[in-house]
Amino acid sequence: MGLIWLVPAAGVFALVFAVLLIRDILRRDTGTPEMQKIGDMILEGALAFLRRQYTTIGIIALFTAVIVGVLVGALDGEKGIEGMTAVGIAWRTGVAFLVGATCSAVSGYIGMYISVKSNVRCAAAARKSLNGAITVALRGGAVSGFLIVALSLIGVAVMYYAYGGHNNPNIAPHTIVGFGFGASFVALFAQLGGGIYTKAADMGADLVGKVEAGIPEDDPRNAAVIADLVGDNVGDCAGRGADLFESTAAENIGAMILGVVLWTAFKAAGLANAEVWVLFPLVVRSFGIFASMIGVMSVKAKEDENPMNALNRGYFLAVVLSLIGLVITVFVMLGSDFVWFIGAGAVGILASVVIVFITIYYTEPGHRPVDGIAEASKTGPATNIVSGTAIGFETTVATGAAIGLALLISYWMGNNAINHAIDIGLIPGAVEGAHGTIKEIHGGIFGTAVATMGMLMTCPFILTMDTFGPITDNANGVIEMAGVGGDARAITDRLDAVGNTTKALTKGFAMVSAGLAAFLLFQAYLERVEVLSGVVPFDDINIARVEVFVGALAAVMLVFLFSSMAIRAVGRTASKVIEEVRRQFRADPGIMEGTSRPDYAGCVDITAKAGLRYMIVPSLLVVATPVILGVIFNQIGSYNAAMAVAAFLMVGTIAGILLASFLNNSGGAWDNAKKMIEAGDLKDADGNVLGKGTPAHAAAVVGDTVGDPFKDTAGPSLHVLVKLLSTITLVLCPLWIT
């Protein structure tokens, strides 16, 4: 138990660190009066949308919490939890759901607010130096990153102890799963609604501004430009903040549930401090906070270097320190007999590094994929889109291989760790399971949990780099709209391109962590089914059963239907934005002449209403589908509903991860191919630069707009969908087992 004090210490340190960063950012130069005015307009639009969005989400979440609590209590949700009553499990699940939902909403809101406050200061710093601009953007991103991780860590720990974890560490993890469900529920609405908002505005601004009117990106004459800049914050900051909050919370709870099996084994052996197996995931994440903190503060860029190099140095320092923290945690909490778990955690950390390199390769200029898309743009939009689509499909191989190898190796290492403990007589080879049955001890499952926690150790730094992206994007827009020339625009252009890569990195990180966590949460679901049904072990899902096949088929159908609805919502809204911008150009010729200002509020209102309207049905579809499937099969006596839902969960996860990989990476590659052309890095056979205003650039803009809803709406929303399926089935499985 020696290191458990690190959990509150890390949480408090992270909060203090974030407050100090906020003070530093707010004291910095805010630039010219025109820059300040633009920043205020972005803030006003973002706050207005989030108020409307979270009011809608809050109402839905409140009703959902009541319904979930009542259902779990009425359908024997307390079964297998010693000393728990139906009323007890009902109110605990409902309250945990609301607390998780509230923390998720707060995480997104704070991330967006500080991002908006940082962008104008980043723009002002860019007038002086590259390093100054990077410092502001990175510290602004760090506020979001560390607050989100701190809220997640503190939230899970407080709920665990509030629900009796100190005296009953084997029971508390099962009663706080509603926390993860609530966080996932809000995150899906926030990510989808924000994604629809940001990409509809972005597509409308690009197609009318760049392609039709021939004006630069973020030109103040474009009526959609403020909506575009607002969208970067409500989508990339608020949405992704809620996404990664629920990732860390749900995965932490899943790991704690799996730790209960080992707690049982150690208690059976009469060993002291058996609860370390339940608390181990919290301590590992605490070390990660300190490691990421040092990594962020170490970032210093040279004026003539690629800014990505400076960020990578800080990230790799955080990785090394995280590995050291993992070693310390294993030796102090688990002991020298379990060194194999160091290897399992290292696999997770290594997986995060591998996905960084995979994402950089597929989305950064200077590598075959992006360079190939840029070359394809010479012959028009069709070849650009074909090339980008092919690259997107190709990325699924590397993503799938990274997840598969990480699971196989960490599972093997976990088995070695526990088998060694059994061989030396430290623990028994089997323990009493649900309803008096005997359950064998398998360390492989906990090995994958340790790998997942290892990967999440650098989550604060990854989140920092994610918010770095929209801050630099907005800073670039502020510079353009305010008419600031000189080196400032060149600096923000460079940072904007890097920001695209960092946002892609975060999506890749979220996707791979979802893959590792999905296996972890799938095992937690199987454990819960054992407790409720008395079938031990429940670990064979028979694909030859027709209901299992249909469950798997329904999951893939849901993933594709959800993506279709998200992308279609962006297309519909973008059409309205395009029509509004065209109408303003026609009605007031002075806009193009620069003698009158467009009505920015009109486009902001269109995108805000659409984001709220179109986020509800797809999100509720995700929640309802596994429940309906399970209930229907449970009513037909010859079918095994638990197996059908298990197939739905696992196959839906696989489909969601691979489709998200395609959407995220193809979209990122299209975007940076366009930026590569805008930077003047594409030449024809005679060596002439094919830059802005050329047919190749127009083709790249079309490809970029196709990729926009891929990488910023459907793809990121699928990360949340995958984990929401896990938490839904974990919380509501009494519906189809009783």
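What you are looking at is a predicted structure, and each value in this text was computed from that prediction instead of being measured. Residue positions within a chain follow its written sequence, with the count starting from 1. Two thresholds apply to this predicted model, a pLDDT of at least 70 for residue-level local features and 80 or more for giving and counting side-chain atom pairs, whereas whole-chain, interface and lining totals are computed over all residues. Side-chain numbers here rest on the full set of heavy atoms in the structure, without hydrogens or water.

Student: Help me out: how do you make sense of the overall build of the protein in this one?
Tutor: In this text, helices come from DSSP runs of H or I with a minimum length of four residues, and strands from runs of E with a minimum of two, each type numbered from the N-terminal end. Within the protein, the secondary structure is distributed over 21 helices and 2 strands. The reference for a compact globule is 2.2 Å times residues^0.38; the radius of gyration itself is calculated from the C-alpha atoms. The C-alpha atoms of the protein give a radius of gyration of 25 Å, which matches the 27 Å a tight globule of 738 residues would have. Buried, partly exposed and exposed residues are distinguished by accessible area as a fraction of the type maximum, computed with a 1.4 Å probe on protein chains only: under 20%, between the cut-offs, and over 50%, respectively. Each of the 738 residues in the protein was classed as buried or not, and the buried ones make up 65%. Here a residue-residue contact requires only that any non-hydrogen atoms of the pair lie within 4.5 Å. Considering only contacts within the protein whose residues lie at least 6 apart along the sequence, 85% involve residues at least 24 apart. Surface exposure here means Shrake-Rupley accessible area, sampled with a 1.4 Å probe, where a residue is shielded only by the protein chains that are shown. Counting every atom, the protein has about 23400 Å² of accessible surface; 64% of that belongs to carbon and sulfur. By the counting scheme adopted, Arg and Lys are positive, Glu and Asp are negative, and His together with the chain ends is not counted. One atom stands in for each charge, and that atom is NZ of Lys, CZ of Arg, CG of Asp or CD of Glu. With 46 positive and 57 negative side-chain charges, the protein shows a spacing of 5 Å between the two charge centroids.

Student: Hey, could you run me through the packing of aromatic side chains in this one?
Tutor: Aromatic rings from Phe, Tyr and Trp, taking only the six-membered ring of Trp, are treated as a pair when their centres fall within 6.5 Å; an angle between ring planes under 30 degrees marks them as stacked, one over 60 as edge-to-face, and anything in between as tilted. For the structure on display, the rule yields 24 aromatic pairs. Considering the side-chain rings of Y160 and Y161, the 5.0 Å spacing of their centres and the 80° angle between planes classify their relative orientation as edge-to-face. We classify Y161 as partly exposed; its relative accessible area is 36%. An aromatic cluster is built from W277, F280, F338, F341 and F446, whose rings are joined through pairwise contacts. In our convention, an over-ring charge means Lys NZ or Arg CZ found within 6 Å of a ring centre and within 35 degrees of that ring's normal. Of note, R92 hangs over the ring of Y163, and the distance from its end group to the ring centre comes to 5.8 Å. It is R613 that lies over the ring of Y614; its NZ or CZ is 5.3 Å from the centre.

Student: Could you clarify how one ought to interpret helix α1 (residues 6-26) in this entry?
Tutor: An α-helical segment advances 3.6 residues per turn. Residues three or four places apart therefore align on the same side. One less than the number of residues in a helix, times 1.5 Å, gives the span that helix is expected to have. Here α1 is 21 residues long and its end C-alpha atoms lie 30 Å apart, about the 30 Å a rise of 1.5 Å per residue gives. In this structure, the buried side of α1 is in contact with α3 (86-126), α4 (130-162) and α8 (276-297).

Student: How should α4 be read in this particular structure?
Tutor: For α4, which comprises 33 residues, the first-to-last C-alpha distance of 47 Å matches the rise-based estimate of 48 Å (1.5 Å per residue) to within 8%. Within α4, 27 of the 33 residues are buried, which leaves the element mostly enclosed by the surrounding structure. The definition of a polar contact used here is a pair of N or O atoms within 3.5 Å, where within protein one atom must be able to donate a hydrogen and the other to accept one, and adjacent residues in sequence count solely through side-chain atom pairs. One side-chain oxygen at the N-terminal end of α4 lies 3.0 Å from the backbone nitrogen of G132; it belongs to S129. A positive backbone phi angle near 90° is found at G164, which sits one or two residues after α4.

Student: What exactly am I supposed to notice about the pattern of salt bridges here?
Tutor: Side chains bearing opposite charge may pair, as long as their charged atoms lie close to each other. In the sections that follow, a salt bridge refers to a side-chain nitrogen of Lys or Arg positioned within 4 Å of a carboxyl oxygen of Asp or Glu. Going through the model one piece at a time under the given rule, you end up with 19 salt bridges. D671 is the salt-bridge partner of K675, the closest N and O atoms lying 3.4 Å from each other. You can see K675 and its partner D671 sitting in helix α19 (residues 641-678), 4 residues apart, about one turn around the helix. Here the two residues K675 and D671 agree in accessibility, since each one is buried. Among the ionic contacts, a cluster of salt bridges with common partners joins K199, D202, D671, K674, K675, D704, D708, K711 and D712.

Student: Quick question: what am I supposed to make of a positive patch on the surface here?
Tutor: The patches reported here contain residues having more than 30% relative accessible area and no salt bridge. Joining distances are 9 Å for like charges and 5 Å for nonpolar side chains (Val, Leu, Ile, Met, Phe, Trp, Tyr). Positive charge collects at one region of the surface, where R568, R572, K576 and R613 lie side by side. At 3 residues, helix α16 (residues 546-587) tops the list of elements feeding residues into the positive patch. Topologically, R572 is positioned in helix α16. Look at R572 and you get partly exposed, because its relative accessible area is 44%.

Student: Any chance you could explain the confidence of the model for the protein here in plain terms?
Tutor: Low pLDDT marks stretches whose predicted atomic positions should not be read closely. Per-residue confidence from the predictor is reported as pLDDT, a score between 0 and 100. Looking at the protein as a whole, its pLDDT mean stands at 85, while 96% of the residues score no less than 70. Looking across the protein, the model is least confident in strand β2 (residues 438-440), with a mean pLDDT of 50, and most confident in helix α11 (residues 368-376), with 94. The low-confidence segment residues 434-438 (pLDDT under 50) makes 18 contacts with residues lying over four places distant or belonging to another chain.

Student: What's the story with the side chain of R121 in this structure? I'm lost.
Tutor: Looking at the element boundaries, R121 is found in helix α3. Although R121 is buried, it makes no salt bridge; D40 carries the closest opposite charge, 7.8 Å away. If we ignore the near neighbours within four places in the chain, the residues touching R121 are I25, L26, R28, D29, T30 and V136.

Student: Explain the packing of helix α10 (residues 340-363) against helix α12 (residues 381-423) here, please?
Tutor: A packed helix pair is summarised by two numbers, namely the angle formed by the two axes and the spacing between the axes. Angles run from 0 to 180 degrees between N-to-C directions of axes, and those axes are lines fitted to C-alpha atoms, restricted for helices to the stretch in contact. The contact between α10 and α12 brings their axes to 8 Å, and the two run at 170°. It follows that α10 is roughly antiparallel to α12 by the angle criterion. Grouping the amino acids of the contact of α10 with α12 by side-chain chemistry returns 17 nonpolar, 5 polar and 1 charged. Orientation is classified from the angle alone, with under 35 degrees giving roughly parallel, over 145 giving roughly antiparallel, 65 to 115 giving roughly perpendicular, and any other angle giving oblique. Three classes are used, and their members are as follows: Ala, Val, Leu, Ile, Met, Phe, Trp, Tyr, Cys and Pro are nonpolar, Asp, Glu, Lys and Arg are charged, and the others, Gly among them, are polar.

Student: Just checking my understanding: could you explain the nonpolar core for this structure?
Tutor: A general trend in soluble globular proteins is that nonpolar side chains are found buried together. Formed by 265 residues in total, the largest nonpolar core has its most connected members in I226, F341, Y525, L732 and W736. No other element matches helix α7 (residues 225-268), which puts 22 residues into this core. Dropping the residues within four chain positions of it, W736 is found in contact with Y525, P626, V627, G630, V631, N634, A641, A642, V645 and T729. Buried Ala, Val, Leu, Ile, Met, Phe, Trp, Tyr and Cys residues form a nonpolar core when they are joined through side-chain atoms within 4.5 Å.

Student: Even after reading the chapter, I still don't get a nonpolar patch on the surface, so can you show me in this structure?
Tutor: Among the surface-exposed residues, V320, I324, I328, F331, V332, V339, W340, L405, L408, I409 and W412 lie close enough to one another that they form a single nonpolar patch of about 1000 Å² accessible area. Of all the secondary-structure elements, those providing two or more residues to the nonpolar patch are α9 (307-334) and α12. With 5 residues, the top contributor of residues to the nonpolar patch is α9. Structurally, W340 is set in helix α10. Residue class for W340 comes out partly exposed when judged on its relative accessible area of 34%.

Student: So what exactly am I meant to see when it comes to the packing of α12 against helix α13 (residues 443-456) here?
Tutor: The geometry of α12 relative to α13 is characterised by a closest axis approach of 6 Å and an angle of 125° between their N-to-C directions. Taken together, the axes of α12 and α13 are oblique relative to one another. Crossing hand, α12 versus α13: right-handed. Across the interface between the two elements, L407, S410, Y411, G414, N415 and I418 from α12 touch G443, G444, I445, G447, T448 and A451 from α13. Residues of the contact of α12 with α13, tallied by class, amount to 5 nonpolar, 7 polar and no charged. Handedness of a crossing follows from how the near helix is turned relative to the far one, being left-handed for an anticlockwise turn of less than a right angle and right-handed for a clockwise one.

Student: Explain the environment of N500 here, please?
Tutor: Assignment of secondary structure puts N500 in helix α15 (residues 487-533). Taking C-alpha positions, N500 is 22 Å from V397, a pair spaced 103 residues apart along the chain. Apart from the residues within four sequence positions on either side, N500 is in contact with D671, N672 and K675.

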